[in-house]
Amino acid sequence: PFILFAVISIVGWGAIWSYFGSPFPVTLFAKQQQGMMDISQQFFYGFIRLANGYARYPFVLLEAGLALFGVLFFLRKPHPLRLVLVWGVVYFCAYSLLRVSRYYWYYAPLVPSFIVLVSAGFEWLWNFSDRFSKYSKIIYKSLILVGFFFILSSQISNLYQTSQQEDKRISIYREVGLWLRKHTSADAKVGALEVGVIGFYSERYMIDFAGLIQPDVAAQMTRTTTYEDTARYAINKYRPDYIVLHKNLFPSLERFLLSGKCTKEKTFKGENFDVKYDLIILRCET
């Protein structure tokens with residue numbers, strides 16, 4: 001029933017989309033358009049890249065092996081947790097078929113399915129020991145426990161290291177947003193490539209060069225376009241009062257703006273926020 005419901009839902013939404021137009025947020029359309037670009041990477045291929053990256057950790061390889069035994073466990077024994085696995089498969093297939101661009105947080109919903117498979121793999125191996133003699137069973141189960149504690153300790157260590165890795169972009173984007181809120185009028189329009197944190201703290205109307213807010217900006221994305229192309233389009237159409245640029249990321253656009261109607265208002269040095277780039281705020285005459 002779960003699989004049937006998932007298939008009917010996907011087909012139903014597809015029919016609604018084709019007849020009435022997209023009922024989804026702009027974000028989905030934008031991510032699909034981004035996935036088309038040569039400078040981007042689609043969800044499916046991003047998963048392969050992510051898996052290759054994790055393969056350098058021995059404990060992850062061991063977990064992957066256990067997951068294979070977990071598949072055997074669920075093939076041989078009906079279990080309610082099969083629903084978690086089916087949901088993970090449907091999610092993976094849907095995102096792959098939608099051909100959205102690769103973002104690391106898109107893979108987080110796959111983790112519960114992986115955990116279930118690894119746990120089931122442990123149980124399958126543990127139960128397999130019933131076929132051994134008394135002393136062989138002790139050795140066999142001891143090895144399983146050693147593997148379990150190796151994975152547990154490695155996972156805890158990796159989790160702790162990950163928790164210490166702060167996204168350092170947040171601090172510089174926050175300062176840019178606070179500056180804009182303090183030094184611009186409430187009705188000012190601001191254009192930027194990454195609008196989330198800046199828009200939250202600035203409380204200003206945002207124009208997103210990546211197309212997540214204005215659908216027509218996303219529609220400009222093709223296989224050969226870049227974010228500089230979409231930035232030019234957004235600036236020409238929406239004429240923002242202020243523009244936030246990563247210094248030297250779009251050098252020709254930056255030179256064009258500074259040679260014409262825009263002036264540099266503020267520079268936020270990346271070294272002050274432990275990031276590798278400076279952010280500049282341009283004020284433009286609309």
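Everything numeric in this text was worked out from a predicted model, so none of it was measured.

Calculation notes
- Along each chain, numbering runs from 1 in the same order as the chain's sequence is written.
- Where local features are concerned, this predicted model is filtered to residues with pLDDT of at least 70; where side-chain atom pairs are given and counted, the filter is 80 or more; whole-chain, interface and lining totals use all residues.
- Side-chain numbers here rest on the full set of heavy atoms in the structure, without hydrogens or water.
- Only DSSP runs of H or I covering at least 4 residues are called helices, and only runs of E covering at least 2 are called strands; the numbering of each starts at the N terminus.
- Atoms counted for the radius of gyration: C-alpha only. Globule rule: 2.2 Å times the number of residues to the power 0.38.
- Note on contacts: a residue pair is in contact if any heavy atoms of the two residues lie within 4.5 Å.
- Simply put, an axis is a line fit to the C-alpha atoms, just over the touching stretch for a helix, and the angle between two N-to-C directions goes from 0 to 180 degrees.
- These descriptions rest on fixed angle ranges, namely under 35 degrees for roughly parallel, over 145 for roughly antiparallel, 65 to 115 for roughly perpendicular, and the rest for oblique.
- Left-handed is the label given to a crossing in which the near helix is rotated counterclockwise from the far helix by less than a right angle, and right-handed is the label when the rotation is clockwise.
- Ten residue types, Ala, Val, Leu, Ile, Met, Phe, Trp, Tyr, Cys and Pro, are classed as nonpolar, four, Asp, Glu, Lys and Arg, as charged, and the remainder, Gly among them, as polar.
- Two rings from Phe, Tyr or Trp (for Trp, the six-membered ring) form a pair when their centres are within 6.5 Å of each other. A pair whose planes differ by under 30 degrees is stacked, one over 60 is edge-to-face, and the rest are tilted.
- Burial here depends on accessible area, computed with a 1.4 Å probe over protein chains only, as a share of the maximum for the residue type. Under 20% is buried, over 50% is exposed, and the range in between is partly exposed.
- In our convention, an over-ring charge means Lys NZ or Arg CZ found within 6 Å of a ring centre and within 35 degrees of that ring's normal.
- The predictor's confidence in any single residue is recorded as pLDDT, a number from 0 to 100.
- Only strands joined by at least two bridges in the DSSP assignment are considered to pair.
- What counts as a disulfide here is a pair of cysteine sulfur atoms lying within 2.5 Å.
- Within this document, salt bridges are pairs made up of a side-chain nitrogen of Lys or Arg and a carboxyl oxygen of Asp or Glu, the two lying within 4 Å of each other.

## Regarding the overall build of the chain
Tallying secondary structure elements over the chain gives twelve helices and five strands in all. Against the 2.2 N^0.38 benchmark of 19 Å for 286 residues, the chain shows a C-alpha radius of gyration of 25 Å, more extended than a compact globule. Principal-axis analysis of the C-alpha atoms places the extent of the chain at approximately 85 × 50 × 30 Å. In the chain, the proportion of contacts linking residues at least 24 apart, taken out of those at least 6 apart, comes to 62%.

## What to know about the packing of helix H4 (residues 58-76) against helix H7 (residues 134-163)
Running from N to C, H4 and H7 cross one another at 125 degrees; their axes reach a closest spacing of 9 Å. Considered as vectors, H4 and H7 are oriented oblique to each other. Once H4 is placed against H7, the crossing between them reads as left-handed. Of H7, the residues touching H4 (which contributes Pro58, Phe59, Leu62, Glu63 and Leu66) are Gly147, Phe150, Ile151, Ser154, Gln155 and Asn158. Residues of the contact of H4 with H7, tallied by class, amount to six nonpolar, four polar and one charged.

## Quick look at the packing of aromatic side chains
Under the counting rule described, the total for this entry stands at 24 aromatic pairs. With a centroid separation of 4.6 Å and 15 degrees between ring planes, the pair formed by Phe43 and Tyr107 is classed as stacked. Residue Phe43 is found in helix H3 (residues 43-54), and its partner Tyr107 is found in the loop between helix H5 (82-98) and helix H6 (111-128); the two are separated by 64 residues along the sequence. Its relative accessible area of 6% is what places Tyr107 among the buried residues. Relative to Trp124, the ring of Phe69 lies with its centre 5.2 Å away and its plane at 25 degrees, an arrangement referred to as stacked. With Phe69 in helix H4 and Trp124 in helix H6, this pair connects stretches of sequence that are 55 residues apart. For Phe69, a relative accessible area of 30% corresponds to the partly exposed category. Stacked on the ring of Phe256, the Lys or Arg Arg232 has its end atom at 5.8 Å from the ring centre. Over the ring of Phe268 we find Lys266; its NZ or CZ atom is 5.6 Å from the centre of that ring.

## Describing the confidence of the model for the chain
For the chain, mean pLDDT is 87; residues scoring 70 or higher make up 91% of the total. Across the chain, strand E1 (residues 189-192) holds the top mean pLDDT of 96, while helix H1 (residues 2-20) sits lowest at 51. Below pLDDT 50 for its whole length, residues 15-24 participates in ten contacts with residues either more than four positions away or in separate chains.

## Structural notes on the sheet that holds strand E4 (residues 262-268)
Taken together, five strands build an open sheet; the order of strands is E2-E1-E3-E5-E4 and the sheet is mixed. Every other strand in the sheet has two partners, leaving strand E2 (205-208) and E4 as the edge strands with one partner each. Sheet twist, expressed as the mean angle between neighbouring strand axes with direction ignored, is 25 degrees. The pairing of E4 with strand E5 (residues 279-284) spans six bridges and is classified as antiparallel. Bridge assignment links Lys264 to a residue of E5, and that residue is Leu282.

## Some words on the packing of H6 against H7
Contact pair H6 / H7: the axes reach a minimum separation of 9 Å and the direction vectors enclose 165 degrees. Comparing their axes, H7 and H6 come out roughly antiparallel. As for how H6 packs across H7, the hand of that crossing is left-handed. In this structure, H6 contributes Phe122, Leu125, Trp126 and Phe128 to the contact, and H7 contributes Tyr140, Lys141, Ile144, Leu145, Gly147, Phe148 and Ile151. Here the contact of H6 with H7 is built from residues that sort into nine nonpolar, one polar and one charged.

## Points about the state of the cysteines
Taken as a whole and assessed by the stated rule, the structure comprises one disulfide. The disulfide that involves Cys262 links it to Cys284, with 2.0 Å between the sulfurs. Sign of the S-S torsion, about 105 degrees for the bond between Cys262 and Cys284, identifies this disulfide as right-handed. One end of the pair, Cys262, is in strand E4; the other, Cys284, is in strand E5, and 22 residues separate them in sequence. When sorted by exposure, Cys262 lands in the same class as Cys284, which is buried.

## Side note on unusual backbone geometry
Backbone geometry at Glu203 places phi at a positive 55 degrees, although glycine is not the residue there. Classification of Glu203 by relative accessible area gives exposed; the value is 53%. A positive phi angle, near 45 degrees, is found at Arg239, a position not held by glycine.

## Quick word on the pattern of salt bridges
Inspection of the entire model under this criterion finds eight salt bridges. Across the pair Arg181 and Glu203 runs a salt bridge whose closest N-O atoms are separated by 3.1 Å. With Arg181 in helix H8 (residues 169-183) and Glu203 in the loop between helix H9 (196-202) and E2, the pair connects residues that are 22 residues apart, well separated along the chain. As a salt-bridge pair, Asp278 and Lys269 come within 3.8 Å of each other at their nearest N and O atoms. Exposure remark for Asp278: the relative accessible area of 17% places this residue in the buried category. Salt bridges sharing partners connect three or more residues here, namely Asp167, Arg169 and Glu194.

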